[in-house]
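One letter stands for each residue in the lines below.
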Amino acid sequence: MLRVGLTGGIGAGKSTVARRLEELGAVVTDADAVAREVMEPGEPTLAAVAERFGAHLLRADGTLDRAALAAVVFPDPAALADLDAITGPAIAQRVAARRAQVPADRVSVFDMPLLVERRLWVHEHLTLVVDAPVGTRVRRLVEQRGLDEGDARHRIAAQADDRQRRAAADLWVDNGGDPDATREQVDALWRDRLAPYDDALRTGRRSRRPEHGPILHEPDPTWPAQAARLVARLHDALDPVVPGVRVDHIGSTSVPGLPAKDVLDLQVGVPDLALADTPVFRGAMDGRGFVRSEGNEVDHPHGPDPWWEKRFHGSVDPGRSANVHVRAVGSPGWTFALAFRDRLRADDAWRAEYAAVKARLAREATSTTAYVDAKEPWFEPAWHAVQDWVVATGWRPPPEPTGLT
């Protein structure tokens, strides 16, 4: 099933989007609701909170005075961290149990205010961020929740900022205006991305870009951020089953300023390629929406070692075509992919030469496949040029990328 992380700053209006997603057929697990449950009288989490912050936060009937607790923790980052340390594990356990019960034919949405702050978005197929201007959010908190303006601004400041949410967001809903406009945005996302993606996950149908039409796209400044999200998600899925796995963004979309097909290329490095054929590896890839494509198991570098073995997976996400090349770390193919990328990044003249070749071949090609095939002869001298550059510069594979935080 498709897993969607839904988040947004306090007062942005996540609940509006969550309700519409439920109406469209999703099952929403609300972290705030679960957080309230684990803080009910008799729950061990409430007892731990009272021990840490004081029994005066409990009313006579044993319930928590939430406003009093908020007044203590939101202005104090250390106190907020202590509260999260107490409540987080209990909430996570209950959320996991709830989501495990979602039927396989339904989209599972996790409504979580701190999805970005806690980096929980890496466990989801997509992150949907609901946004509204800060002034609108403050007004809503004052008018709808009865907070004073200072308290509202403290709570907003304690959360991730727009830059951090933008980096983690695959989908963005502007909820700063008319509710009907918000509803239309959610409906469009459901129709064009969420429902087709969910269907493709269940059927294992790989996403493919059109064979005909524009082949090359002008450089998209969002390609690196899109790739970083996929890198982080793949690493999250594979590291538990393949210790030492490495995931990198490679290919033309990884080179700033270079026109490219609108397809992200990623490289998964494994200690031994045999691990890529194990059920746990393939299951982890399938679960994250990257299905094995058979018949694409060698590279042809036209160098002295002409057969380089690999495995190949393609994304099923209809809104983001991506190819995953699985190679053994340290193998010729793994090394060349990184060195080729890094030389294109470092050498302006060579990058311009490659861009000119790509542009000419794209004009002449009748399809994307024809374009890819036509590029192959260029890689024979390119392979040698990269080896010379490696020797001349002393290049070594760079450290593993850390992905988004």
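What you are looking at is a predicted structure, and each value in this text was computed from that prediction instead of being measured. (Residues numbered from 1 in each chain as written. Predicted model: local features only at pLDDT ≥ 70, side-chain atom pairs only at ≥ 80, totals over all residues. Heavy atoms only, no water.)

Describing the packing of aromatic side chains
Taken as a whole and assessed by the stated rule, the structure comprises eleven aromatic pairs. Arranged with centres 5.6 Å apart and planes meeting at 85°, the rings of Phe-340 and Trp-350 form a pair that is edge-to-face. Of the two residues, Phe-340 sits in helix H12 (residues 332-346) while Trp-350 sits in helix H13 (residues 348-364), which places them ten residues apart along the sequence. For the pair Phe-340 and Trp-350, one class covers both residues: buried. Taking 5.4 Å as the distance between ring centres and 90° as the angle between the ring planes, the aromatic pair formed by Trp-378 and Phe-379 counts as edge-to-face. Over the face of the ring belonging to Trp-172 we find Arg-166, whose NZ or CZ atom lies 3.6 Å from the ring centre. (Phe/Tyr/Trp six-rings, centres within 6.5 Å; stacked < 30°, edge-to-face > 60°. Helix = DSSP H or I, 4+ residues; strand = E, 2+ residues; numbered from the N terminus. Buried < 20%, exposed > 50% of the residue type's maximum accessible area, 1.4 Å probe, protein only. Lys NZ or Arg CZ within 6 Å of the ring centre and 35° of its normal.)

Details of the UniProt feature "binding site: ATP" (unreviewed entry) in the protein
Those places that UniProt annotates as "binding site: ATP" (unreviewed entry) correspond, in this numbering, to Gly-11, Ala-12, Gly-13, Lys-14, Ser-15 and Thr-16. Relative to the elements of secondary structure, Gly-11 occurs in the loop between strand S1 (3-8) and helix H1 (14-24). The exposure class assigned to Gly-11 is buried, which follows from its relative accessible area of 10%. Here Gly-11 is in contact with Arg-137, Arg-140, Leu-141 and Arg-145, once residues within four sequence places are set aside. The residue Lys-14 is located in helix H1 in this model. A relative accessible area of 11% means that Lys-14 is categorised as buried. Among all residues touching Lys-14, those that are not within four sequence positions of it are Leu-6, Thr-7, Gly-8, Asp-111, Pro-113 and Val-130. (UniProt positions renumbered as here; feature names shortened; annotations may be inferred. Contact = heavy atoms within 4.5 Å.)

Regarding the pattern of salt bridges
Following the criterion strictly, the structure yields 36 salt bridges and no others. With its nearest N and O atoms 2.6 Å apart, the salt bridge here joins Glu-37 to Arg-98. Here Glu-37, found in helix H2 (residues 31-37), pairs with Arg-98, found in helix H5 (residues 77-100); they are 61 residues apart in sequence, far enough to count as distant. (Salt bridge = Lys/Arg side-chain N within 4 Å of Asp/Glu carboxyl O.)

Observations regarding the domain arrangement of the protein
What the domain assignment reports for the protein is domain 1 (3-203) and domain 2 (216-393). Tallying the contact residues gives 18 residues for domain 1 and 13 residues for domain 2. Carbon and sulfur atoms supply 50% of the area that domain 1 and domain 2 bury against each other, a total of about 1,200 Å² over both sides. A salt bridge links Asp-170 to Arg-233; the nearest nitrogen and oxygen atoms lie 2.6 Å apart. (Domains from an automatic or database assignment. Buried area = accessible area lost by both parts, 1.4 Å probe.)

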